[in-house]
Amino acid sequence: MRAMDDPAATAHPPNPACVVNCAVYAKDGTRRNITLDAISEVLAHDDGSFVWIGLYEPDDTILEKLQEEFGLHDLAIEDAHTAHQRPKVEAYGNSLFLVASTAQVVEQKIAYGETHVFLGPRYLVTVRHGASLSYAPARARVEREPDMLALGPSYGLYAVLDAIVDDYLPIVAEFKATLLALEKDIIGESFERAIVTRLYDLKRELTYMRVNVAPMQDVLSQLVRSSSPLVPEEVRLYLRDVLDHSVRVNETVDVLRDMLGTALSVNQALVTQAQGEVVKKLAGWAALLAAPTLITSWYGMNFVHMPELHGRYSYVVLIGAVAAVVGLLYAYLKKVRWL
């Protein structure tokens, strides 16, 4: 679908850099790019169109302007100012305010951010903070479905939430692949500090991810069960699919966390067992050395009356006795697997 620039937009100053997207979608799905100052003109004509605005870390002036244009609640604007909010859904009159956690891999580490969403009868405003991928693919996707855009801004909300949950999937898949790659090292008998450190780092990252991702399940559940006219039944069916994906992500994260905990325990148990085997072997060899040492120490004492002390074959008999004792002890230790 071809995007059309609004001719009236040239009469207004351009949008600030924090405004990533500002467009109006007609009921037939046609898009027109507009400026923030042209929002009032669009809302003045109730022709079934709605405005979709995408912001990235906007300043207070932009949020105050949007509050004036759409009549946003003071508490919602305050949350959008401060960020660092827990995922949630709140209703303010004829509008909804949502907070969703986002995740992104930055320099081989997971970084987290937030997306705040304002949903009204004729507007959808997304405010991104921190690590968050652009929602341009989500907008392009809905623009290819003009029939669904007729459902209003709630379908755009579905596309945004679906994109957020889909961004979790490659991160979880990477965790799973890393854990599988470490399996051979985990079951090794030797202690390697790097392996244990890597396992701990993975479990810590999974814990952080669960803290950020798990509440999304509650947010989506509330939207699916919502009776608000802002989210029609047709859109709830799509949100139910996103909820299913979110549940699967949460379950996978929980399973991986359990597997990592088990892997740490197994690695520790195997290392302890290997150390025990070494101690057993050392004790076995010490016992073999202790037997002749004990016997010969008796004959090293300065006693006159000792068995076979003056016999012609005493030395040979003593050596044979020591060899027999050591041999029997060796056989026994071999049998009980101490050697």
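These figures come from a predicted structure and were not determined experimentally. (Residues numbered from 1 in each chain as written. Predicted model: local features only at pLDDT ≥ 70, side-chain atom pairs only at ≥ 80, totals over all residues. Heavy atoms only, no water.)

Caption draft 1: Up close: the overall build of the protein chain. A tally of helices and strands in the protein chain yields nine helices and eight strands. Out of the 339 residues in the protein chain, the part that is buried amounts to 43%. Excluding contacts between residues fewer than 6 apart, the proportion of contacts in the protein chain whose partners are at least 24 apart in sequence is 65%. Surface accessibility of the protein chain: about 18500 Å² in total, with carbon and sulfur atoms responsible for 57%. (Helix = DSSP H or I, 4+ residues; strand = E, 2+ residues; numbered from the N terminus. Buried < 20%, exposed > 50% of the residue type's maximum accessible area, 1.4 Å probe, protein only. Contact = heavy atoms within 4.5 Å. Areas by Shrake-Rupley, 256 points an atom, 1.4 Å probe, with all protein chains shown as cover.)

Caption draft 2: A look at the packing of helix α6 (residues 153-186) against helix α7 (residues 193-225). Packing of α6 against α7 leaves a shortest axis separation of 11 Å and a crossing angle of 155°. Our classification of the angle between α6 and α7 gives roughly antiparallel. Considering how the two elements wind past one another, α6 and α7 form a crossing that is left-handed. For the contact of α6 with α7, the per-class residue count stands at 20 nonpolar, one polar and three charged. (Axes fitted to C-alpha atoms, helices over the stretch in contact; angles between N-to-C directions. Parallel < 35°, antiparallel > 145°, perpendicular 65-115°, else oblique. Left-handed = near helix turned anticlockwise from the far one by under 90°. Nonpolar A, V, L, I, M, F, W, Y, C, P; charged D, E, K, R; others polar.)

Caption draft 3: Seen up close, the nonpolar core. Counting residues in each nonpolar core, the largest one holds 56 residues, and the members touching the most others are L98, L161, Y168 and L223. Here L223 is in contact with V89, L96, L98, L157, L161, V231, R236 and L239, once residues within four sequence places are set aside. Judged by nonpolar contacts, the second largest core, of 27 residues, contains V24, V42, V99 and V127. (Core = buried A, V, L, I, M, F, W, Y, C linked by side-chain atoms within 4.5 Å.)

Caption draft 4: Main features of the packing of helix α2 (residues 60-70) against helix α3 (residues 74-82). Their axes nearest at 11 Å, the elements α2 and α3 cross at an angle of 155°. Between α2 and α3, the angle falls in the class roughly antiparallel. Once α2 is placed against α3, the crossing between them reads as right-handed. Of the residues in α3, those in contact with D60, L63 and Q67 of α2 are D74, I77, A80 and H81.

Caption draft 5: Main features of the packing of aromatic side chains. With the rule as written, the count across this model stands at eight aromatic pairs. Pairing F97 with F118 gives two aromatic rings, centres 5.0 Å apart and planes at 40°, and the pair type is tilted. Taken as a pair, F97 in strand β6 (residues 95-106) and F118 in strand β7 (residues 109-120) lie far apart in primary sequence, 21 residues in all. The exposure class assigned to F97 is buried, which follows from its relative accessible area of 0%. Taken together, a centroid distance of 5.2 Å and an interplanar angle of 50° make the contact between Y158 and Y238 tilted. Taken as a pair, Y158 in helix α6 and Y238 in helix α8 (residues 233-299) lie far apart in primary sequence, 80 residues in all. Here the aromatic residues Y25, F50 and W52 are joined through ring pairs into a cluster of three or more. The residue whose ring lies beneath R128 is Y135, and the NZ or CZ to ring-centre distance is 5.9 Å. (Phe/Tyr/Trp six-rings, centres within 6.5 Å; stacked < 30°, edge-to-face > 60°. Lys NZ or Arg CZ within 6 Å of the ring centre and 35° of its normal.)

Caption draft 6: Region of interest: the pattern of salt bridges. According to the stated counting rule, one finds 13 salt bridges in the structure shown. Note that E143 and R31 form a salt bridge whose closest N and O atoms lie 2.8 Å from each other. With a gap of 112 residues between them, E143 in helix α4 (residues 136-143) and R31 in strand β3 (residues 31-33) connect regions that are remote in the sequence. A salt bridge links R248 to D244; the nearest nitrogen and oxygen atoms lie 3.8 Å apart. Placement of both R248 and D244 in helix α8 is noted, with a separation of four residues, approximately one turn of the helix. With a relative accessible area of 39%, D244 lands in the partly exposed category. (Salt bridge = Lys/Arg side-chain N within 4 Å of Asp/Glu carboxyl O.)

Caption draft 7: Geometry of the pairing of strand β8 (residues 123-130). With seven of eight residues buried, β8 is to be regarded as a mostly interior element. By the bridge criterion, eight bridges tie β7 to β8 in an arrangement that is antiparallel. By the bridge assignment for β8, H116 is matched with V127. What sits between β7 and β8 in their antiparallel hairpin is a turn of two residues. (Pairing = 2+ DSSP bridges.)

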